[in-house]
Amino acid sequence: VSGAVAERCKVIAYFVYSFVLTVFVYPVVVHWGWSDNGWASAFAPKEDRLFGVGVIDFAGSSVVHMVGGLTALIGAIFLGPRSGKIVEGKVQTMIFQSSTFQTLGTLVLWFGWYGFNCGSTLTIAGAASDVAGKVAVTTTIGAASAGVTATLMGVIFEGHINIGRTNNGILAGLVSITAGCSVVDVEMAFLIGVIGGIVYYSASKLLTCLHIDDVVDASPVHLFCGIWGTIAAGLFAKPENVEMAYGTGSCGLFYKCDGNGGKQFGANLVFILAVIAWVGIFAIIIFSILQILNMLRVSEETEKMGLDVKEHGGAAYEVTRKSRFSGGNYKLSTPEVVVNKTAS
């Protein structure tokens, strides 16, 4: 959420929505989808499962990522674009700070995702080790294929390789494969990643057209790809894999398993709608109250000066580096990066 509302959200608002999300909103969704007595859980007794099968969301495309992604989108809508983002009705490209740190952060997240997805087996003993191994492979393929797809989308429609698109594409693939990582085969993992890259890129462009300023594309990655990932699990879950990971006897819509394919797809769709309703209502209430109490957005003066200076007592960093083209110095200041050239 914080990435989507960056550079114009008050610190107190961060504390408030983080508290409400972690205490009231997220635990309810976790209970629904993963508890052994959750109404949508595939781990519940058969007679209590949604449509007799329960939702397949192994590591949280909807349980985790949709919750954060939808809250991020609503927060960005309530806050409005950053100063200078929309000028005379046209979207401006804002200078960002460091492609190097962005890429490093993406690689750290990718590495950590193996603990998140593989660790969702909750044990490494017995058949769980086979499930964890499959999860590691499908996670890798989903991330890689989405990263390449998003990169190619950037080349086709923007005319150049954009490392930001590549990094977000990787994350989009990780989110997309997270629901079905234990139940799809490698070929389907590749397809899920490719479509995930397209979903991310398309959603990012859609938000731009709607003048919704999601600074780091958090909602295209986590909300839209979280929805796609949950749908994909309901389409491509292979019966043998479902039996090993869940033991429910169900499968995706494109497979045959005693008529449970349609039930599985339906269960996943219902869960998506339930998460959207629950999180959306809470997010609208939270941000509405913050806005009414003038606790949401900083003043224009603070935004231009930088929240690090105004609210944290000093600039996050200040770097001066030499231009190899003109011999001049370029001074970079945060958080709004202003480039001032001074003669050497």
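Higher on the page you've got the structure.
Since the structure is predicted, the reported quantities are computational estimates derived from the model, not experimental observations.

Draft legend 1. Quick peek at unusual backbone geometry. For F51, which is not glycine, the phi dihedral falls at a positive 55 degrees. Counting through the fold element by element, F51 comes out in the loop between α1 (11–34) and α2 (61–79). For N294, which is not glycine, the phi dihedral falls at a positive 60 degrees. Locating N294 in the fold gives a position in the loop between α9 (260–292) and α10 (300–305). Judged by relative accessible area, which is 54%, N294 ranks as exposed.

Draft legend 2. How the structure looks around the state of the cysteines. With the rule as written, the count across this model stands at one disulfide. Take C225: it sits in no disulfide, and the sulfur closest to it among the cysteines is that of C181, at 15 Å.

Draft legend 3. Examining the packing of aromatic side chains more closely. Overall, the coordinates contain 13 aromatic pairs when judged by the stated rule. Aromatic side chains F58 and Y246 sit 6.2 Å apart centroid to centroid with 80 degrees between the ring planes, which places their arrangement in the edge-to-face category. Linking F58 in the loop between α1 and α2 with Y246 in the loop between α8 (239–245) and α9, this pair joins segments that are 188 residues apart in sequence. With relative accessibility at 7%, the residue F58 sits in the buried group.

Draft legend 4. Main features of the nonpolar core. Judged by nonpolar contacts, the single largest core of 36 residues is most densely connected at C9, Y17 and F271. Residue assignment for this core shows that the elements contributing at least two residues are α1, α2 and α9. The element contributing the most residues to this core is α9, with 10 residues. The residues touching C9, leaving out its near neighbours within four places in the chain, are Y14, Y17, L79, L296, V298 and L307.

Draft legend 5. Helix α7 (residues 218–236), seen in detail. Between its terminal C-alpha atoms α7 stretches 25 Å, which fits the 27 Å expected from 19 residues at 1.5 Å a residue. Of all bends in α7, the biggest is about 30 degrees, found at C225. Counting buried residues in α7 gives 15 out of 19 residues, a clear majority hidden from the surface.

Draft legend 6. Spatial organisation of the side chain of D57. Tracing the backbone through its elements, the reader meets D57 in the loop between α1 and α2. Buried and unpaired, D57 has R49 as its nearest opposite-charge partner, separated by 16 Å. Among the polar contacts listed, one links the side chain of D57 to the backbone nitrogen of V63, at a separation of 2.9 Å.

Draft legend 7. Region of the structure containing helix α3 (residues 99–118). The first and last C-alpha atoms of α3 sit 29 Å apart over 20 residues, in line with the 28 Å expected at 1.5 Å per residue. A bend of about 25 degrees at G112 is the largest found in α3. Those residues of α3 that fall on the buried side of the exposure criterion are T106, W110, W113, N117 and C118.

Draft legend 8. Region of interest: the environment of D213. Of note, D213 is situated in the loop between α6 (186–209) and α7. Take D213: its relative accessible area is 2%, and that puts it in the buried class. Taking the C-alpha atoms as reference, D213 lies 9.9 Å from G75; in sequence the two are 138 residues apart. Excluding residues that lie within four positions of it along the chain, D213 makes contacts with A4, R8, A76, P81, R82 and K85. In this structure the side chain of D213 is engaged in a polar contact, spanning 2.7 Å, whose partner is the side chain of R82.

Calculation criteria
Residues numbered from 1 in each chain as written. Predicted model: local features only at pLDDT ≥ 70, side-chain atom pairs only at ≥ 80, totals over all residues. Heavy atoms only, no water. Helix = DSSP H or I, 4+ residues; strand = E, 2+ residues; numbered from the N terminus. Buried < 20%, exposed > 50% of the residue type's maximum accessible area, 1.4 Å probe, protein only. Disulfide = S-S within 2.5 Å. Phe/Tyr/Trp six-rings, centres within 6.5 Å; stacked < 30°, edge-to-face > 60°. Core = buried A, V, L, I, M, F, W, Y, C linked by side-chain atoms within 4.5 Å. Contact = heavy atoms within 4.5 Å. Expected span 1.5 Å × (residues − 1). Bend = angle between axes of the 7 residues up to and from the residue. Lys, Arg positive; Asp, Glu negative; His and termini not counted. Salt bridge = Lys/Arg side-chain N within 4 Å of Asp/Glu carboxyl O. Polar contact = N/O pair within 3.5 Å; in protein donor to acceptor, adjacent residues only side chain to side chain.

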